[in-house]
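Below, each chain spelled out in residue letters.
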Amino acid sequence: MKKVLLFVCFCLTLNYISAQNEMWIYKSNGTVVKYNTSEIDSIKFMPSQEPEDNVINISANCLIGNYYGESLVPGLGHYWIILTEDGFADGATVPNSEFFRIDLLGPLADDEENIKIPNGHYYYDPYGGWHEFTVLNIGNTDYLYVDEDGEAWITTLTYAELGVDNNIITLTAIVDDKEYHVTFEGDYNITANIIPETISTLTSDHEIDLSNCSGTVSCYGDYWNCGYCNWSIEFVCNDGLKNGTYFVLDFLTDSNINGVSGFEGTYRSSGFSEEDPTKPAFDSYTFVPGMRVSDDGVHMMGSLLIEYTNGVGVNQAPIYGGEFTVKDNGDGTHTITLNATDDIDPANKITLNWTGTLKH
């Protein structure tokens, strides 16, 4: 399981939680393709009968979410909700807290000024049948745990179904070997959201400043299930996650998925597949472009840049085109030279020339 760092952003009155996830997110341009090409459109699964000590009951006191209208299927409403018990305090996540993030397809909202999840029972759909009253399995249905250090860990749900009866929401979710029964009762807010065409908020060429950051390099083997070894270089501000710069390079070396080839080299953008323009065109010595994780169009996975001032995100951009080089200087330091672009047309240049020590 990849450890991920948690970002909590504020848009309108809604908190968004985003982190890298362990399954495909087919959303580089705001669209989604089928997760599985199986001819089976939809299957209803029932949770197994777990021993009583593996069943966990939670009374959620917070439900927030987004409504994306017909962003996935014409004539059906797309909802993304978060359920938590005491997971937020004073606009921030609380250490040792749990969040259940659920992606839904249902009827269109009756009133977009007061959006509610339509009443009904939503069954788990693992194959992308795109039917009404289903819990979607396209990367945004998961369990997120924030540890005592404020770092977030994500686990994909094995199964989930949701019942909605006016202001009573009941969720059954299986996470690893545990079955969660989550109940929420009360008023809640779902916010209508318009997906922007691009992710970047840059307005001009940009040079990345890592002078107050620490870098870590990690090997994840064949994380992307593409036959090439996946590496990540991550820089976090020394003053904390939500201060200064957060910068990630997500890249592939060669077919030695155990990482024996090292991570030095020159990497060009993989771009996206011609057959599926939402999927990176994985290849050796390429980097994975930044792409959307959530339908609000703000949160990213892959190679990315986010800059904070006083806890508020002021700049963000996917590392989308171009190339970078990682050089071993032979003295325990590395030099990273980046000449990249964001996803705006015409593109802004994003550059970096950094030398320092990378932690392992």
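One can find the structure itself at the top, above this paragraph.
**Q** Even after reading the chapter, I still don't get the nonpolar core, so can you show me in this structure?
**A** Side chains of nonpolar character tend, in soluble globular proteins, to be buried together. Among the nonpolar cores identified, the biggest contains 32 residues, and L83, F100, L104, I117, L162 and L171 are the most heavily contacted of them. When contributions to this core are tallied by element, the ones reaching two or more residues are β4 (55-60), β5 (62-67), β6 (77-84), β9 (97-106), β10 (120-125), β14 (159-165), β15 (168-175) and β16 (178-185). Examining the composition of this core, we find that five residues originate from one element, β15, more than from any other. Leave out the neighbours within four places in its chain, and L83 touches A60, C62, L63, E98, F99, F100, L162, L171, V182 and F184.

**Q** Explain the pairing of β15 to me, please; I cannot follow it from the model alone.
**A** Every other side chain in a regular strand lies on the same face of the sheet, so the side chains alternate between the two faces. Of all eight residues in β15, six are buried; the element is thus mostly enclosed. In this sheet, β15 lies alongside β14 in antiparallel orientation, the contact comprising seven bridges. Paired with D165 across the strands is I168, a residue of β15. Two successive antiparallel strands, β14 and β15, enclose a turn made up of two residues, where N166 displays a positive phi of approximately 55°. For β15 and β16, the ladder comprises eight bridges, and the chain directions are antiparallel. By the bridge assignment for β16, I168 is matched with E185. In this antiparallel pair of consecutive strands, β15 and β16, the connection spans two residues, and D176 shows a positive phi of 55°.

**Q** Explain the environment of H206 here, please?
**A** Along the chain, the position of H206 falls in strand β18 (residues 206-207). Side-chain polar atoms of H206 contact the side chain of E307, separated by 2.8 Å.

**Q** Explain unusual backbone geometry to me, please; I cannot follow it from the model alone.
**A** Negative phi characterises most residues that are not glycine, and trans characterises most peptide bonds. Of note, the amide linkage connecting D345 to P346 takes the cis form, showing an omega dihedral of 0°. Locating P346 in the fold gives a position in the loop between β29 (334-341) and β30 (349-356). Here the phi dihedral of N96 falls at roughly 60°; this positive angle occurs in a residue that is not glycine. Within the element layout of this structure, N96 appears in the loop between β8 (92-93) and β9. By relative accessible area, which is 46% here, N96 ends up partly exposed. You will see that N225, though not glycine, has its phi angle at about 55°, which is positive. Take N225: it is sitting in the loop between β19 (213-219) and β20 (230-237). According to the relative accessible area criterion, N225 is exposed, its value standing at 67%.

What counts, and at which threshold
- Residues numbered from 1 in each chain as written.
- Predicted model: local features only at pLDDT ≥ 70, side-chain atom pairs only at ≥ 80, totals over all residues.
- Heavy atoms only, no water.
- Core = buried A, V, L, I, M, F, W, Y, C linked by side-chain atoms within 4.5 Å.
- Buried < 20%, exposed > 50% of the residue type's maximum accessible area, 1.4 Å probe, protein only.
- Helix = DSSP H or I, 4+ residues; strand = E, 2+ residues; numbered from the N terminus.
- Contact = heavy atoms within 4.5 Å.
- Pairing = 2+ DSSP bridges.
- Polar contact = N/O pair within 3.5 Å; in protein donor to acceptor, adjacent residues only side chain to side chain.

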